[in-house]
Every structure is written in C-alpha cells, then in structure tokens.
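What follows is the residue order along each chain.
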Amino acid sequence: LKGHAIAQPNTFSPDGSVTYVTAFSNADDPCSLFALNAETGEVLWCKELARNIAGGSVEVDSKGMLYVAADAKIYSYDTDGTERWSTALDGGDGLDLGHRPFGLHFTNGGYVATVTIPGNVFLLDRETGQIVVQFDVASEYGFVTPEPALPDGIDILSFFPKASEDDFVSAFGTKEAANITLGNFLGVSGNFTDNTLAVSLRDEIYIQGGGPTAEDGSVVQLLIRDSQAGPTLEKGWYILAEGGSAASPSVSQNGKYLVMSDGASTGTAMSQAEGS
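Attention in this report is confined to the structure presented alongside it.

Cut-offs and rules
- Residues numbered from 1 in each chain as written.
- Predicted model: local features only at pLDDT ≥ 70, side-chain atom pairs only at ≥ 80, totals over all residues.
- Heavy atoms only, no water.
- Core = buried A, V, L, I, M, F, W, Y, C linked by side-chain atoms within 4.5 Å.
- Buried < 20%, exposed > 50% of the residue type's maximum accessible area, 1.4 Å probe, protein only.
- Helix = DSSP H or I, 4+ residues; strand = E, 2+ residues; numbered from the N terminus.
- Contact = heavy atoms within 4.5 Å.
- Phe/Tyr/Trp six-rings, centres within 6.5 Å; stacked < 30°, edge-to-face > 60°.
- Lys NZ or Arg CZ within 6 Å of the ring centre and 35° of its normal.
- Pairing = 2+ DSSP bridges.
- Salt bridge = Lys/Arg side-chain N within 4 Å of Asp/Glu carboxyl O.
- Disulfide = S-S within 2.5 Å.
- Polar contact = N/O pair within 3.5 Å; in protein donor to acceptor, adjacent residues only side chain to side chain.

### Digging into the nonpolar core
In terms of nonpolar packing, the biggest core is built from 20 residues, with Val121, Val137, Ile205 and Leu222 touching the most fellow members. Contributing elements (two or more residues each) for this core: strand S10 (111–115), strand S11 (120–125), strand S12 (131–136), helix H1 (137–141), strand S14 (204–210) and strand S15 (216–225). Excluding residues within four positions of it along the chain, Val121 makes contact with Thr114, Val115, Val133, Gln134, Phe135, Val137, Leu197, Ile205, Ile207, Leu222 and Leu233. Within the second largest apolar cluster, 14 residues are counted, among which are Ala35, Trp45, Ile53 and Val58.

Here you go:
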C-alpha cells in the first residue's frame, strides 16, 4: 500500500484468505480501510473512512463480520465491504474527534467494547450496533486527564532522520499533523486515554489512562456483569502508573497476567490473581 502509513497490526478473515488493514489515507489514495487477498496482495475492496481509523486494528468475528473505529463512531461491515451499521459515540453525529476511540475488542459475552479519549467505555450489540451500557471512568473514579508529557510545540519529527521526516509529512499531509499524530501514538498527548482497552477471559476490561492527579496515570479494571436486564459495568481495582501511556494494556493468553507500559518508560507486569 504505497504511500500509506500503517500503525497497527493487520487482521484476517476466519479462513485466512483475506487480511484487513487500517492505514492513513494520502493525496493519491483516499482509502483508509483495506481488504487484501492474503496470497496475492490484491486489493479486494477499500473504504474512505477518517484517517484516525489507523489508531486501531480491524476486529473480525467468527462469521467474518468486520468491526472498526473511525472518527467518534464504530462501524460494522460484511465480508464484501457492505456497511451493516454505524454507531456514534459522541452523542451527536459521530464527528467530535475529542470523543473518538482507539480501536475495539470483543467481550466473551459477545459485545463490542471500546473506550473513547475522555475515558467513556461502551459495550455495543454486535448485531445491531446498539449501545447497551456506558461507563465514565474519569467520573466514577474521580480521575483527571494527565498533563501532556511533552512541552507544547515540540517538534517530534526533529528526532528522526530527514528521510523519515519526509515520509511522515507525506503520509500525514503536513508537519503539524505528523507531530500531533505521533504525539497521540506515543501516549504523550494529554488525552485521558490514547489506547485500546483489553478484555480478559473472565470478562474484565482494562483501560490505561489518567489518574488521581494530572501527574498520574493508571490502569483501571472494570467488571462485566450479565443479568436478565442486560450487562452492567462495575468498578474493580486500579493501579497507578506514570502520566500518559505508550501502549495498550494486554492480557496473557492464559488470563493470568496483565502487562502494561508504565508511561513511556519501563514495563510493569502483575498477576491478575494477586490484583483481584
């Protein structure tokens, strides 16, 4: 995909024949979501969605249905690229970038789970896109947005070789846009969260974001509880970290360990058994 910057891993159809990629559009090609033949690399279809789609990967369910976040919306597509539904998360038209999510994951109960920049967690019905429950992390925990980890106006591109700087400007359109985007991906933007949430085998959700003060960060655990009236989200434990974050929290395959990046520095791991 010449001229497209790709920031997140690609994913595959259930049979492995198609791979899906989110990418930054460019002046020559406005597409940002691609379905590629996994054997030949041929573009089967593409979609012209917002450039910030590149902040998360495509999720694919066992039926081959696609789910992706762009602007302040969650989209679902059929295998041929036909839109099934789209749901706004900003309470409006889905264009408020201050409420956009960075990716999504499935829960074990079959919901789409995502978190937006201000720390609002949503569970959506996979078939209809209906929002079934919402949880405001910042409000419920009394947490605040972290201070930006880099001074205003710093030129992140200046740390790269000239050839790399030119590539970034070409991919993102302008030097200013490249610096803003890199700041988001490095977790130093000053947003409450810049990351994709994690979901464990026990249907626990983990979000890395702000903390009790502007100098703090945290990883927060939420518990999904199912009932006849529908799912709810309940407060679990949290641990403090450096303000800002450089990666999404991750849960080990056996469900025992949560692994996080502490700010943009050293890594920290803890046992879920000890933390629960």
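### Some thoughts on the packing of aromatic side chains
All chains considered together, the criterion is met by ten aromatic pairs. Between Tyr67 and Trp85, the ring centres sit 6.1 Å apart and the planes meet at 55 degrees, which makes this aromatic pair tilted. With a gap of 18 residues between them, Tyr67 in strand S6 (residues 66–70) and Trp85 in strand S8 (residues 83–88) connect regions that are remote in the sequence. The exposure classification of Tyr67 matches that of Trp85, with both residues buried. Ring centres of Phe143 and Tyr238 lie 5.0 Å apart, and the angle between their planes is 85 degrees; on these two criteria the pair is classed as edge-to-face. Residue Phe143 is found in the loop between H1 and helix H2 (162–172), and its partner Tyr238 is found in strand S16 (residues 232–242); the two are separated by 95 residues along the sequence. Feature note: the residues Tyr20, Trp45, Tyr75 and Tyr77 constitute an aromatic cluster, connected by ring pairs. Lying over the aromatic face of Phe106, Arg126 brings its terminal NZ or CZ to 4.6 Å of the ring centre.

### Focus on the sheet that holds strand S3 (residues 33–37)
The sheet built from four strands is open, its strands ordered S1-S2-S3-S4 with antiparallel pairing. Two strands bound the open sheet, and with one partner strand each, they are strand S1 (11–12) and strand S4 (43–47). Where S1 lies against strand S2 (residues 18–22), two bridges are found, and the strand directions are antiparallel. Residue pairing in the sheet places Thr11 in a bridge with Tyr20 of S2.

### Overview of the pattern of salt bridges
This structure, assessed with the given rule, holds eight salt bridges. Linking Lys175 and Asp155 is a salt bridge whose minimum nitrogen-to-oxygen distance equals 3.1 Å. Separated by 20 residues along the polypeptide, Lys175 in helix H3 (residues 175–185) and Asp155 in the loop between H1 and H2 bring together distant segments of the chain.

### Topic: the sheet that holds strand S13 (residues 198–199)
Across the sheet, four strands lie side by side as S13-S14-S15-S16; this open sheet has antiparallel pairing. Of all the strands in the sheet, the pair left with one neighbour each is S13 and S16. Pairing geometry for S15 and S16, over nine bridges, is antiparallel. Looking at S16, one finds that Ser218 is bridged to Leu240.

### A short note on the state of the cysteines
The tally for this structure, following the rule as stated, stands at one disulfide. In this model Cys31 forms its disulfide with Cys46; the gap between the sulfur atoms is 2.0 Å. Within this pair, whereas Cys31 is found in the loop between S2 and S3, its partner Cys46 is found in strand S4, the two being separated by 15 residues in sequence.

### Some remarks on unusual backbone geometry
The residue Asp71 is not glycine, and still its phi comes out positive at about 50 degrees. Its place among the elements puts Asp71 in the loop between S6 and strand S7 (73–77). Non-glycine residue Asp203 carries a positive phi angle of around 60 degrees. Along the chain, Asp203 falls in the loop between S13 and S14.

### Remarks on the pairing of S4
Here is the key point about a regular strand: its side chains alternate between the two faces of the sheet. Bridging between S3 and S4 involves four bridges; their strand directions are antiparallel. Each residue of the ladder has a partner; that of Leu36, found in S4, is Val43.

### Remarks on the environment of Arg202
Positionally, Arg202 belongs in the loop between S13 and S14. Assessed through its relative accessible area of 46%, Arg202 is described here as partly exposed. With 94 residues separating them in the primary sequence, Arg202 and Asn108 have C-alpha atoms 7.8 Å apart. Within the structure, the side chain of Arg202 is placed 3.0 Å from the side chain of Glu204, a separation counted as a polar contact.

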